[in-house]
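Spelled out, the chains give:
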Amino acid sequence: LGRWLSHHAFFRLHGQAGLDNPDQRIAEDINSFTSQSLYFLMIGLGSLIELVAFTGVLWSISHTLVWFLIGYALLTTVFTIRVFGPKLVALNFRQLRREADFRFGLVRVRENAEAIALHRGEPLEEASLKRSFADVFDNYRAVLRKQLQLNFFQYSHSFLTLALPSIILAEEVLSGRMEVGRAVQAAGAFS
């Protein structure tokens, strides 16, 4: 807010191509930043605690499984970030922009209600708002499609996470070098 309001930046940016609704974007960004920061902090903290706890258990059962887990986690993380990240970021950015445009159109109608009514501009305004809402809706459908693809990948990944330790430890269990209970414990820690 300080940067936007200092040195007439809000005035210089007004009407500049490529910058739309900065006031609404600032409000949305503040909300998104605070809620998403807390959400990711909690996920990161929980993951760190789980990592420390379960790596110790897994290390005591099978060093090979620990090294495989690290490689598997890195590989799938890089794949997810490269394949899904850029598209989802772009779609979500576009969604925020289109929602801000739609809200701005609604505010514009409210602020210009007298002129719109005087010139009987309701059909024109309605058509404009419907186009703006259609943009919001179409982009949201694209977000949902990409999110569905990501969810499918995550479910596949979760399934493999359950199956891989059993596959890796099968030889040791079948040869009698490892008890079935230890293999089940390793699978739980791996997961």
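Residues numbered from 1 in each chain as written. Predicted model: local features only at pLDDT ≥ 70, side-chain atom pairs only at ≥ 80, totals over all residues. Heavy atoms only, no water.

Engineer: Before we move on, can you summarise helix 7 (residues 180-190) with the specific residues and values?
Structural biologist: Regarding helix 7, the residues found buried are A183, A186, A187, A189 and F190. Seen end-on, helix 7 carries its buried residues on one side only, within an arc spanning 165 degrees. Those residues of helix 7 hidden inside the fold are in contact with helix 3 (22-61), helix 4 (63-111) and helix 6 (122-175). (Buried < 20%, exposed > 50% of the residue type's maximum accessible area, 1.4 Å probe, protein only. Helix = DSSP H or I, 4+ residues; strand = E, 2+ residues; numbered from the N terminus. Arc of directions from axis to C-beta. Contact = heavy atoms within 4.5 Å.)

Engineer: Explain the pattern of salt bridges to me, using residue names and the numbers behind them.
Structural biologist: A complete count under the given rule lists three salt bridges for this structure. Note that E125 and R108 form a salt bridge whose closest N and O atoms lie 2.8 Å from each other. Taken together, the positions of E125 in helix 6 and R108 in helix 4 put the pair 17 residues apart, joining distant regions of the chain. Judged by relative accessible area, which is 14%, E125 ranks as buried. We note a salt bridge from K130 to E126, for which the minimum N-O separation is 3.0 Å. On the criterion of helical spacing, the pair formed by K130 and E126 is a turn pair, its members being four residues apart in helix 6. (Salt bridge = Lys/Arg side-chain N within 4 Å of Asp/Glu carboxyl O.)

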